[in-house]
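Okay, here's what each chain looks like letter by letter:
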Amino acid sequence: MSNGLKYLPSYFDRAAQETLVAVLGECLAKAPFYTPVMPRSGRPFTVRMSNLGQLGWVSDRAGYRYQARHPETGEPWPAIPAVVMEVWSKVSGYPHEPEACLVNHYREGAKMGLHRDEDEEDFSAPVVSISLGDTAIFRIGGTERSGKTETLKLASGDVLVMGGASRLRYHGIDRVLTGTSTLLREGGRINLTLRRVKRP
Ligand SMILES: O=C(O)CCC(=O)C(=O)O
Ligand SMILES: [Mn+2]
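The structure contained in this document is the topic of the report that follows.

Thresholds, definitions, all that
Residues numbered from 1 in each chain as written. Chains lettered and ligands numbered in written order. Predicted model: local features only at pLDDT ≥ 70, side-chain atom pairs only at ≥ 80, totals over all residues. Heavy atoms only, no water. Phe/Tyr/Trp six-rings, centres within 6.5 Å; stacked < 30°, edge-to-face > 60°. Buried < 20%, exposed > 50% of the residue type's maximum accessible area, 1.4 Å probe, protein only. Helix = DSSP H or I, 4+ residues; strand = E, 2+ residues; numbered from the N terminus. Arc of directions from axis to C-beta. Donors = N, O, S within 2.8 Å, 3.2 Å for Na, K, Ca; no water. Pairing = 2+ DSSP bridges. Axes fitted to C-alpha atoms, helices over the stretch in contact; angles between N-to-C directions. Contact = heavy atoms within 4.5 Å. Core = buried A, V, L, I, M, F, W, Y, C linked by side-chain atoms within 4.5 Å.

## Observations concerning the packing of aromatic side chains
Under the defined criterion, the tally for this structure stands at four aromatic pairs. Seen from their ring centres, Tyr11 and Phe12 are 5.0 Å apart, and the 70 degrees between their planes marks the pair as edge-to-face. Measuring from centroid to centroid gives 5.2 Å for Trp57 and Tyr64, while their planes differ by 35 degrees, and the two rings are tilted. Classification of Trp57 as buried rests on a relative accessible area of 10%. Pairwise contacts between aromatic rings join Phe45, Trp57 and Tyr64 into one cluster.

Shown next as structure tokens:
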């Protein structure tokens, strides 16, 4: 794959995935998953979300934005753990730290519609995504919504980097294949999406 799309299958082995899950568990105890709603309509997302880092991506009736606090607890988001920061420094090719790590939780039936990550100021930084748990069918198109799309299976431990010409490509999750991983005790899938938000 070219154009700034880097797929790194099995970036984390099983032991490293288990470490990540344990570290995430501590973070999520402080910043629990909540259900965001769509701007205007207020329709709930099927994915539950939380964030780590100085800034978290949120969606509510007022719109999409980054903010420093959890919308339900009012607390600052927990710091991005070192093991996660390390992935960014190894694969992003970008010399500044990410401020945001969105944590997506897909339970049975959850999906994410085709969209672009475009609420950041700095598109010269890639988006780095880490998959844990059940395999997901990831769909990726071009920079226009109407463009041709293809799919890629994202399995537990895989890392995907969307940078360069791929930074603003449309993408989404068609579905999650229930029961394909034993990593998460309650099943489902967790995706971590690291982003640089502000211009350095
Ligand atoms: O779950 C995924 O792999 C994709 C998540 C995503 O595109 C996003 O949170 O913006
Ligand atoms: Mn996205």
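Next comes the rest of the write-up.
## Examining helix 2 (residues 82–91)
Turning to helix 2, its buried residues number three or more, namely Val84, Met85, Val87, Trp88 and Val91. Within helix 2, the buried residues cover an arc of 150 degrees as seen down the axis, which keeps them to one side. Turned more than 90 degrees from where helix 2 packs its buried face, Ala82, Ser89 and Lys90 sit exposed. At the C-terminal side of helix 2, Gly93 shows a positive phi close to 65 degrees.

## As for the coordination of the manganese ion (ligand 2)
Protein ligation of the manganese ion (ligand 2) involves His115 (NE2), Asp117 (OD) and His171 (NE2), the donor distances falling in the range 2.1 to 2.2 Å. The sequence pattern formed by the donor residues of the manganese ion (ligand 2) is H-x1-D-x53-H.

## Comments concerning unusual backbone geometry
In this structure, Ser10 takes a positive phi of about 50 degrees despite not being glycine. Residue Ser10 is classed as exposed on the basis of its relative accessible area, which comes to 56%. Despite not being glycine, Arg40 has its phi angle at roughly 65 degrees, a positive value.

## Digging into the sheet that holds strand 5 (residues 100–106)
Spatially, six strands are ordered 1-10-7-12-5-2 in an open sheet, and the strand pairing comes out antiparallel. The sheet is open, and its two edges are formed by strand 1 (5–8) and strand 2 (48–52), each paired on a single side. Looking at each pair of strands side by side, their axes are set apart by 15 degrees on average, direction ignored. Of the pairings in the sheet, the one linking strand 7 (residues 127–133) to strand 12 (residues 189–195) comprises six bridges and is antiparallel in character. Residue Gly133 lies in a different strand from strand 12, and its bridge partner there is Arg189. Its contacts with the sheet put helix 1 (residues 14–30) on strand 2, strand 5, strand 7 and strand 12, and the angle it makes with strand 7 is roughly 100 degrees. Strand contacts of helix 2: strand 1, strand 5, strand 7, strand 10 (159–162) and strand 12, with the helix running at about 135 degrees to strand 7, the strand carrying the most contacts.

## Some remarks on the nonpolar core
Among the nonpolar cores identified, the biggest contains 27 residues, and Val84, Val128, Ile130, Val159, Ile190 and Leu192 are the most heavily contacted of them. Among the elements of the structure, helix 1, helix 2, strand 5, strand 7, strand 10 and strand 12 are those that each provide at least two residues to this core. Looking at this core element by element, the count peaks at five residues for helix 2. Residue contacts for Leu192: discarding those within four places in its chain leaves Leu24, Val84, Cys101, Leu102, Val103, Val128, Ser129 and Ile130.

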